[in-house]
Amino acid sequence: MTTTTETTSTGLAPMELAEVQQHARRVLEAVATVIDGKPGAISTALTVLLAEGHLLIEDVPGVGKTQLARALAKAFGASVSRIQFTPDLLPSDITGVSIFDRQSNEFEFKPGPVFANIVIGDEINRASPKTQSALLESLEERQVTVDGFSHPLPDPFLVVATQNPVEMEGTYSLPEAQRDRFMARISLGYPDAESELRMLRQRETQSPLDRLEPLVSVSELRRMIAAVRGIYVASVVERYAVDIVQATRVHPDLRLGASPRATLQLMRAAKSWAALNGRRFVIPDDVDALSGPVLGHRLILAGRSGAGAVSAAYDIVESVVAATPVPLDESVR
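Residues numbered from 1 in each chain as written. Predicted model: local features only at pLDDT ≥ 70, side-chain atom pairs only at ≥ 80, totals over all residues. Heavy atoms only, no water.

1. Side note on unusual backbone geometry
Step number 1: With an omega of 0 degrees, the peptide bond between Asp155 and Pro156 qualifies as cis.
Step number 2: Relative to the elements of secondary structure, Pro156 occurs in the loop between strand S8 (149-152) and strand S9 (158-163).
Step number 3: The phi dihedral of Arg142 is positive, around 55 degrees, even though this residue is not glycine.
Step number 4: As for its position among the elements, Arg142 is in the loop between helix H6 (136-141) and strand S7 (143-146).
Step number 5: Using a relative accessible area of 26% as the deciding quantity, one classes Arg142 as partly exposed.
Step number 6: Phi is positive for Asp147, which is not a glycine, with a value near 55 degrees.
Step number 7: One can find Asp147 in the loop between S7 and S8. (Helix = DSSP H or I, 4+ residues; strand = E, 2+ residues; numbered from the N terminus. Buried < 20%, exposed > 50% of the residue type's maximum accessible area, 1.4 Å probe, protein only.)

If you want it as structure tokens, here you go:
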């Protein structure tokens, strides 16, 4: 059984669940004015942010990946930075660098753009693997170590990274260790005809992103996150999540299943999903809803790669979820 009444790191009390829903609804409605016809992707993105995870948005160019990341960042009154990943980007361009100060006769650390509440990593797979690896410590430990000194990152700290498919020219595939540090992966896909037509009419003179104002302050965001931490998870639901993850490790079509980190992040995401749906406890449906986005990008198929392997991995997750016995309703509360 998992339950907690943690406060935030600054001692703020968790937000009431009704207030969490109210703030979340405002954010979802605001972001939906920027990203037309993708309510599911927006909801999953907000779920990841409140679960203290990091989000990977992967799709072809021009479908609104960066717009979604920027809209989410702008909806929160938090510090925001954007890193445009390019082949010549260096690790120090992300983390920061120590510069010798002649006056003090000491090295002074100059923080890089990763020192923000919400960091947008645009086209993350266009940078070299060496530069990509500069994010590993910050994604997992929420700190940066430069010249032997560790520097804590702001609280909250959220990375929203976008990338184009690995087949696109001039890209580097993200290593498995880095993909595993992203709580969830989503894909926007092309809009339907009506949404695309509405986009043309609404953006003829001004972008909706320019009209978007901060809706939630940093302290409110911390209290929302604290409320998500306090969502109750019954032991049978924990076992259900573990059974799903364990099944991916023995699936005959997979060379690599989901990691223990994936299990932890699946439960955190399920708690966030439950809170957004007005429940103080997690049900199996919450686990089912997040299994694809949380587990799919971590799996490696046996003998397959490329864009087709991504959709195949999601199909495998769906089949695993469908085959896993579901706990009885009365045992999850």
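2. Here we look at the UniProt feature "domain: ChlI/MoxR AAA lid" (unreviewed entry) in the chain
Step number 1: Listed under "domain: ChlI/MoxR AAA lid" (unreviewed entry) in the UniProt record, and renumbered for this structure, are residues 246-302.
Step number 2: Structurally, residues 246-302 comprises 58% helix and 9% strand, and the distance from its first C-alpha atom to its last is 17 Å. (UniProt positions renumbered as here; feature names shortened; annotations may be inferred.)

3. Regarding the packing of helix H11 (residues 235-249) against helix H12 (residues 260-276)
Step number 1: Where H11 meets H12, the axes come as close as 10 Å, and the angle between the chain directions of the two elements is 145 degrees. Here H11 and H12 pass one another in a crossing that is right-handed. Contacts between H11 and H12 involve Val237, Ala241, Val242, Val245 and Arg249 from the former and Pro260, Thr263, Leu266 and Met267 from the latter.
Step number 2: When grouped by side-chain class, the residues that make up the contact of H11 with H12 number seven nonpolar, one polar and one charged. (Axes fitted to C-alpha atoms, helices over the stretch in contact; angles between N-to-C directions. Left-handed = near helix turned anticlockwise from the far one by under 90°. Contact = heavy atoms within 4.5 Å. Nonpolar A, V, L, I, M, F, W, Y, C, P; charged D, E, K, R; others polar.)

4. Regarding the nonpolar core
Generally speaking, nonpolar side chains in soluble globular proteins are found buried as a group.
Step number 1: One finds Leu50, Leu55, Leu68, Phe76, Val282, Val287 and Leu295 to be the most contacted residues of the largest nonpolar core, which totals 77 residues.
Step number 2: Residue contributions to this core peak at eight residues, all from H12.
Step number 3: The contact partners of Leu50, leaving out residues within four places of it in the chain, are Leu221, Met224, Ile225, Val228, Ser272 and Leu276.
Step number 4: Counting residues in each nonpolar core, the second largest holds 22 residues, with Phe85, Leu89, Val159 and Phe182 among its members. (Core = buried A, V, L, I, M, F, W, Y, C linked by side-chain atoms within 4.5 Å.)

5. Thoughts on the sheet that holds S9
Step number 1: Spatial ordering of the open sheet is given by S3-S6-S9-S1-S10, a layout of five strands whose pairing is parallel. The open sheet is flanked by strand S3 (80-84) and strand S10 (184-186), the only strands paired with a single partner. If you compare each strand with its neighbour and ignore which way they point, the axes differ by 15 degrees on average.
Step number 2: Sitting on the sheet, helix H2 (residues 39-50) is in contact with strand S1 (55-58), S9 and S10, with an inclination near 160 degrees to S10. (Pairing = 2+ DSSP bridges.)

6. Structural notes on the environment of Ala323
Step number 1: Inspection of the secondary structure puts Ala323 in helix H14 (residues 307-323).
Step number 2: On the basis of relative accessible area, Ala323 is assigned to the exposed category, the value being 64%.
Step number 3: Note: C-alpha distance between Ala323 and Ile42 (281 residues apart in sequence) is 28 Å.

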